[in-house]
Amino acid sequence: MTGPDEAVEALLHEQRQFRPSKEFSDQANATTKTYEDAASDPEAWWAEQARTLEWDTPFTTTLEWDLPHAKWFSDGTLNASVNCIDRHVASGQGDKVAFHWVGEPENDRVTITYADLLVRVSQAAHALESLGVQEGDRVAIYLPMIPEAVVAMLACARIGAPHSVIFGGFSAEALSDRILDADARFVITADGGFRRGEISPLKPAVDEALKKCPDVHHVLVVQRTGQEVSWKEGRDVWWHDIVDSQETTHSPKSFPAEHPLYIMYTSGTTASPKGIFHTTGGYLTHTSTTHRLVFDVKPKTDVCWTAADIGWVTGHSYIVYGPLANGVTSVMYEGTPDAGGRDRWWRIIEEYGVTILYTAPTAIRTFMKWGEEHPQAHDLSSLRLLGSVGEPINPEAWIWYRTHIGSDTCPVVDTWWQTETGGIMITPLPGVTATKPGAAMVPFPGISVDVVDNEGHSVPDGHGGLLVLTRPWPGMLRGIWGDEERFRETYWSRFEGMYFAGDGAKRDEEGDLWLLGRVDDVMNISGHRLSTAEVEHALVGHPSVAEAAVVGASDDTTGQAIVAFVTLKMSGEVAQGDEAGLIQELRNHVGEVISPIAKPRQIILTPDLPKTRSGKIMRRLLRDVAEHRSLGDVTTLTDPAVVSMIDDLMAEHANDDD
Ligand code: PRX
């Protein structure tokens, strides 16, 4: 990474704080009173936010809390897709743009108004019903970043069928695991998508995955690239054949606030992913309120761009549900940041007058590496607010973002949250909260956070500890799909009465919060969550591998990168020259079993792994080795020599990184 320049050094040295910007203070959606109101009666405050939605039956109860189960607004009924579309059309906003969609190939773009979206979602809802999808049925969605992904999600929501969107980068095996776990009987996919200037197929992965999923009745296939696909008569249906001819109006049904809206799989500390599920009323309240206040949204003039994939929770909450519930215009981009040149994003911002950009630190660090000349070549003066999400943002990246993208005037909001939280939990509010480069600052109004020691006691200012959430919140996960025990165990067993987030955090001398990364065996690679166990499981599935230990080592660009230590079944038999070939084969194997994002940056073949006397792999030591730190106490090891041997192997392979 390019080192901080002198100006950045000076800012860091000063420990600079950015006072709330005046432009925001004058006209902000939120004021200091927002915090006061929310603190004095959080439930009443959330209920007030919930009333900004359109309810078919108004709720009379706000929170029912039977730890760890929360219900919000449970006697109210509503329809999520009506809240995201119909009500805006009904209030005269039909001609307003919902999405400026930009495909990866140049000049491949579509503008969709709220009225267009209503027609498309109504037709898709009819199509799903005609295929037999009923209220409560799970529908798996495996699509590229195309408008049909949003349409499919909202059509499912409209008919009360929870969707389970699976990131298009996942392999066939990851896909079948998720389809089976959710017991989804319907899949929506495409022939393929455009990625890095090439056509990347999707349908073959679905065909492969469905060999293991005999209960899937129908696969709805969007034609995106026009490539040849294999076809199973009776099961596969083209989207354009069945959707385009449907009626353009659809009467929505009303669902209870606690009706499941979606399942989103995410990595936990074991090899099998967890199906985090969210319900309707609380989730919509949380995402629309956070979107409105954190981004100071002005629906008439703002153009929001959440540069994330719809296959992750950021896309669900801040491309689809939050912005649409608020009736704003968004940009949605299909491709990679350098497709068509390293200035692609800045061209998009200039062309559409994007006012709010929300992305991950990995992207910012990549742009830093590519150099300022790319953003400088474009007029980015429409931008007024910048957001960051997904991983800890280092102060250098924060300042670069504000200086080179935000012309040193845009507030930067670093937002901490998780798939499980549904929406933003810790963040500054522009115009109200000061910001510090690298800090997520304070809990969102109505959210209660603490930093505790191992015994669950609050740590004083100036100290670090574990992040916990101490009160239920509207967007909270309602469980892990089909696994109540794991839900209790993962989040609610570490500290009594508190949600354990799995992150470390520090409270600085002024009481502001700094997120420090995961404290469990979950890695964060470019903002993607992966468990060490998942990658180890993939590695030991290869016929040559006896044992594998995986750690997340810090990486200048991707935050963390995967380093794997592998012992072979017949280690003596790999000749020196064949090692490189085998390592490449193992990397590809992980890519095929999970996803290319899970390919280890480095694989070290070693005759042995360091273990404690009780046989546990000492991952902490391996992390030290992977990060070239001096090794701590190794006295509990069965054979301390193993560590220094691995250390030597690492030094030997120091230049193997891609
Ligand atoms: O470790 C935290 C990190 O991402 C984890 C949640 O990942 P996921 O469920 O995939 O959701 C990502 C998008 C919300 C958290 O446990 N994380 C997320 N945001 C931040 C962060 N770490 C530091 N700072 C953040 N702003």
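Residues numbered from 1 in each chain as written. Predicted model: local features only at pLDDT ≥ 70, side-chain atom pairs only at ≥ 80, totals over all residues. Heavy atoms only, no water.

If you look the protein chain up in an unreviewed UniProt entry, it shows as acetate--CoA ligase from freshwater metagenome. Annotation of the protein chain in UniProt includes, under Sequence similarities (unreviewed entry), the sentence "Belongs to the ATP-dependent AMP-binding enzyme family." (UniProt positions renumbered as here; feature names shortened; annotations may be inferred.)

(A) Structural detail: the overall build of the protein chain. Counting its secondary structure elements, the protein chain contains 21 helices and 30 strands. Relative to a compact globule of 658 residues, whose C-alpha radius of gyration would be 26 Å, the protein chain shows 24 Å and is just as compact. Across its three principal axes, the protein chain shows a C-alpha extent of roughly 70 × 65 × 55 Å. The buried share among the 658 residues of the protein chain stands at 61%. For the protein chain, the accessible area works out to roughly 25000 Å², and carbon and sulfur atoms hold 48% of it. In the protein chain, 55 side chains carry a positive charge and 95 a negative one; their mean positions are 2 Å apart. (Helix = DSSP H or I, 4+ residues; strand = E, 2+ residues; numbered from the N terminus. Rg over C-alpha atoms; globule rule 2.2 N^0.38 Å. Buried < 20%, exposed > 50% of the residue type's maximum accessible area, 1.4 Å probe, protein only. Areas by Shrake-Rupley, 256 points an atom, 1.4 Å probe, with all protein chains shown as cover. Lys, Arg positive; Asp, Glu negative; His and termini not counted. Charge placed at Lys NZ, Arg CZ, Asp CG, Glu CD.)

(B) Inspection of the pattern of salt bridges at higher detail. Scanning the entire structure with this criterion turns up 35 salt bridges. For Lys436, the salt bridge goes to Asp508, with nearest N and O atoms at 2.7 Å. Of this pair, Lys436 sits in the loop between β20 (412–415) and β21 (449–452) while Asp508 sits in the loop between β24 (499–507) and β25 (513–518), and the two are 72 residues apart along the sequence. Here Lys436 falls in the buried class, since its relative accessible area comes to 5%. A single network of salt bridges, built from pairs that share partners, joins Glu106, Asp343, Arg344 and Arg347. (Salt bridge = Lys/Arg side-chain N within 4 Å of Asp/Glu carboxyl O.)

(C) A look at the sheet that holds strand β19 (residues 385–389). Read from one edge to the other, the open sheet built from seven strands follows the order β5-β4-β17-β16-β18-β19-β20, with strand pairing classed as mixed. Looking at strand neighbours, the two that pair on one side only are β5 (109–113) and β20, the edges of this open sheet. Across the sheet, the axes of successive neighbouring strands diverge by a mean angle of 20°, strand direction being ignored. Pairing between strand β16 (residues 303–306) and strand β17 (residues 329–333): two bridges, direction parallel. Within β17, the residue paired with Val303 across the bridge is Thr329. (Pairing = 2+ DSSP bridges. Axes fitted to C-alpha atoms, helices over the stretch in contact; angles between N-to-C directions.)

(D) Region of the structure containing the sheet that holds strand β15 (residues 274–279). What the eight strands build is an open sheet, ordered β12-β11-β8-β6-β7-β14-β15-β23; its pairing is mixed. For this open sheet the edge positions go to β12 (236–238) and β23 (479–480), each flanked by a neighbour on one side alone. Of the pairings in the sheet, the one linking strand β6 (residues 139–142) to strand β7 (residues 163–165) comprises three bridges and is parallel in character. In the strand pairing of β7, Ala140 is matched with Ser164.

(E) Quick look at the site of the ligand. Of all residues adjacent to the ligand, which total 16 residues, the nearest are Thr415, Thr419, Asp503, Arg518 and Arg529. Between the ligand and Gly390, the relevant distance is 3.1 Å, taken from a nitrogen atom to a main-chain nitrogen or oxygen of the residue. For the ligand, a nitrogen atom lies 3.3 Å from a polar atom in the backbone of Glu391. In the complex, the protein chains occlude 96% of the 540 Å² of accessible area that the ligand would expose alone. (Near = heavy atom within 4 Å. Polar contact = N/O pair within 3.5 Å; in protein donor to acceptor, adjacent residues only side chain to side chain.)

(F) Unusual backbone geometry, seen in detail. Note the cis peptide between Leu67 and Pro68, where omega equals 5°. Here Pro68 lies in the loop between β1 (63–66) and β2 (69–72). A positive phi is found at Arg196, a non-glycine position, where the angle reads about 55°. With respect to the helices, strands and loops of the structure, Arg196 is situated in the loop between β9 (192–195) and β10 (198–201). A positive phi angle is found at Asp408, which is not glycine, with a value near 60°.

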